[in-house]
Amino acid sequence: GENVEQHPSTLSVQEGDSAVIKCTYSDSASNYFPWYKQELGKGPQLIIDIRSNVGEKKDQRIAVTLNKTAKHFSLHITETQPEDSAVYFCAADSGGGADGLTFGKGTHLIIQP
Amino acid sequence: NAGVTQTPKFRILKIGQSMTLQCAQDMNHNYMYWYRQDPGMGLKLIYYSVGAGITDKGEVPNGYNVSRSTTEDFPLRLELAAPSQTSVYFCASSLTSGNTGELFFGEGSRLTVL
């Protein structure tokens, strides 16, 4: 089955700096890669996703890049703000049925004032 | 819209007790899921359902049961609770299959088994 590795587990950056979180996946058949943000005491919420026919996608301060050859994808957050502090999860599908999302273990992003 | 609603938010069980975590969604989604989240381990799929009357096992189904009698409700049953079931449980739903579209999560149910 699919295996998703996520790094780092904790990332601390100064407010205004950029943050990058990286994920690798194992199943070359995967073609959907979402990112979820989980704030303290809440459920995860989709912030951006990318499909295998696209190399990069941007939404304001958030961007995701995908390298299918190397089987890795990354989340980039620019001009970080205090409200960006949260746990971020990457995920990948395996092209299978409804259970096809495999999640990484999460990155705790801390924005230092 | 309430979205995905989970009850209870917190519960303490003794070893061997049973309980049901409730999940309801008001978005008319066919797909529903139960995940558990353990510290530093991400989200693991317990059970999922593609529509009323249809359920299937995920990655970690042992010790749990589900039913889906209506589109709206997807309760998770814990039989003979064990300390290993101490976790935060999330219910989610989606309009299309979870590997093609957005999952909408509830706020979670924190369960402690002592």
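Everything discussed here concerns the structure shown above.
Residues numbered from 1 in each chain as written. Chains lettered and ligands numbered in written order. Predicted model: local features only at pLDDT ≥ 70, side-chain atom pairs only at ≥ 80, totals over all residues. Heavy atoms only, no water.

Peer 1: Whenever I open this one, the layout of surface pockets confuses me. Can you help?
Peer 2: Over the atoms, a rolled probe matching the size of one water molecule traces out where space is still vacant. Each pocket or cavity is described by its volume, and for the largest pocket that value is around 740 Å³. What lines the largest pocket is a set of 33 residues, and nearest its centre among them are Gln 38 and Leu 40 of chain A together with Gln 37, Val 88 and Arg 110 of chain B. Elements with a contribution of two residues or more to the lining of the largest pocket: β9 (86-92) and β11 (107-112) of chain A together with β9 (87-94) and β11 (109-113) of chain B. Across the lining of the largest pocket, the residue classes tally to 10 nonpolar, 16 polar and seven charged. There is about 400 Å³ of room inside the second largest pocket. (1 Å grid on protein atoms, 1.4 Å probe; cavity = no way out; pocket = protein on both sides within 12 Å on 5 of 7 lines; lining within 4 Å. Points joined across faces, edges and corners; volume = space filled by probe spheres on them. Helix = DSSP H or I, 4+ residues; strand = E, 2+ residues; numbered from the N terminus. Nonpolar A, V, L, I, M, F, W, Y, C, P; charged D, E, K, R; others polar.)

Peer 1: Looking at this structure, how should I read the pairing of strand β6 (residues 54-57) of chain B?
Peer 2: Put simply, side chains in a regular strand alternate between the two faces of the sheet. Residue and element names in this part refer to chain B. Pairing analysis gives three bridges linking strand β5 (residues 43-51) to β6, with the strands arranged antiparallel. The residue bridging Gly 51 from the neighbouring strand is Ile 54, located in β6. Connecting the antiparallel pair β5 and β6 is a turn made up of two residues, with Gly 53 showing a positive phi of about 85°. (Pairing = 2+ DSSP bridges.)

Peer 1: Please explain the packing of aromatic side chains as it appears in this structure.
Peer 2: Given two aromatic rings, their pairing is described by the distance between the two centres and the angle made by the two planes. On inspection of all chains with the given rule, the structure shows 11 aromatic pairs over all chains. With a centroid separation of 4.9 Å and 50° between ring planes, the pair formed by Phe 33 of chain A and Phe 73 of chain A is classed as tilted. In this pair, Phe 33 of chain A is assigned in strand β4 (residues 32-38) and Phe 73 of chain A in strand β8 (residues 72-77), connecting sequence segments 40 residues apart. Here Phe 33 of chain A matches Phe 73 of chain A in class, with each residue buried. Relative to Phe 105 of chain B, the ring of Tyr 35 of chain B lies with its centre 5.8 Å away and its plane at 45°, an arrangement referred to as tilted. Highlighted residues: Tyr 35 of chain B in strand β4 (residues 31-37) and Phe 105 of chain B in strand β10 (residues 104-105), separated in sequence by 70 residues. Neither Tyr 35 of chain B nor Phe 105 of chain B differs from the other in exposure class; each is buried. Each member of the aromatic cluster is reached from another via a ring pair, and the members are Tyr 36 and Phe 103 of chain A together with Tyr 33, Tyr 35, Phe 90 and Phe 105 of chain B. (Phe/Tyr/Trp six-rings, centres within 6.5 Å; stacked < 30°, edge-to-face > 60°. Buried < 20%, exposed > 50% of the residue type's maximum accessible area, 1.4 Å probe, protein only.)

Peer 1: Can you walk me through the sheet that holds strand β8 (residues 76-78) of chain B in this structure?
Peer 2: Pairing between the strands of a sheet is mediated by backbone hydrogen bonds and can be parallel or antiparallel. All names here are of chain B. If you walk across this open sheet you meet the four strands as β1-β3-β8-β7, and the pairing is antiparallel. Looking at strand neighbours, the two that pair on one side only are β1 (4-7) and β7 (64-66), the edges of this open sheet. Direction aside, the axes of adjacent strands within the sheet are offset by 20° on average. In this structure, β1 lies alongside strand β3 (residues 19-25), joined through four bridges in antiparallel fashion. Residue pairing in the sheet places Thr 5 in a bridge with Ala 24 of β3. (Axes fitted to C-alpha atoms, helices over the stretch in contact; angles between N-to-C directions.)

Peer 1: So what exactly am I meant to see when it comes to the interface of chain A and chain B here?
Peer 2: Think of interface size as the accessible area that goes away when the parts come together; that is how it is often given. In this complex, chain A contributes 21 residues to the contact, which on the side of chain B involves 22 residues. Both sides together, the interface formed by chain A and chain B hides about 1700 Å², and carbon and sulfur atoms give 56% of it. Where chain A packs against chain B, one counts one salt bridge. As a salt-bridge pair, Glu 107 of chain B and Lys 42 of chain A come within 3.2 Å of each other at their nearest N and O atoms. Looking at which element gives the most residues to the side of chain A that touches chain B, the answer is β4 of chain A, with three residues. In terms of residue class, the side of chain A that touches chain B is built from eight nonpolar, eight polar and five charged. (Contact = heavy atoms within 4.5 Å. Buried area = accessible area lost by both parts, 1.4 Å probe. Salt bridge = Lys/Arg side-chain N within 4 Å of Asp/Glu carboxyl O.)

Peer 1: Looking at this structure, I do not really get the state of the cysteines. What am I missing?
Peer 2: Think of a disulfide as a covalent bridge from one cysteine sulfur atom to another cysteine sulfur atom. Taken as a whole and assessed by the stated rule, the structure comprises two disulfides over all chains. For Cys 23 of chain A, the disulfide goes to Cys 90 of chain A, at an S-S distance of 1.9 Å. Between Cys 23 of chain A and Cys 90 of chain A the disulfide shows an S-S torsion of about -100°. By sign, it is left-handed. A residue pair is termed long-range when its members are at least 10 positions apart, and Cys 23 of chain A in strand β3 (residues 19-25) and Cys 90 of chain A in strand β9 qualify at 67 residues. Owing to a relative accessible area of 1%, Cys 23 of chain A belongs among the buried residues under this scheme. On the accessibility criterion, Cys 90 of chain A (0% relative accessible area) is buried. Disulfide pairing places Cys 23 of chain B opposite Cys 91 of chain B at an S-S distance of 1.9 Å. Note on the Cys 23 of chain B and Cys 91 of chain B pair: the S-S dihedral is about -70°, so by sign convention the disulfide is left-handed. Placement of Cys 23 of chain B in strand β3 and of Cys 91 of chain B in strand β9 is noted, with a sequence separation of 68 residues between them. For the residue pair Cys 23 of chain B and Cys 91 of chain B, the accessibility class agrees, reading buried in each case. (Disulfide = S-S within 2.5 Å.)

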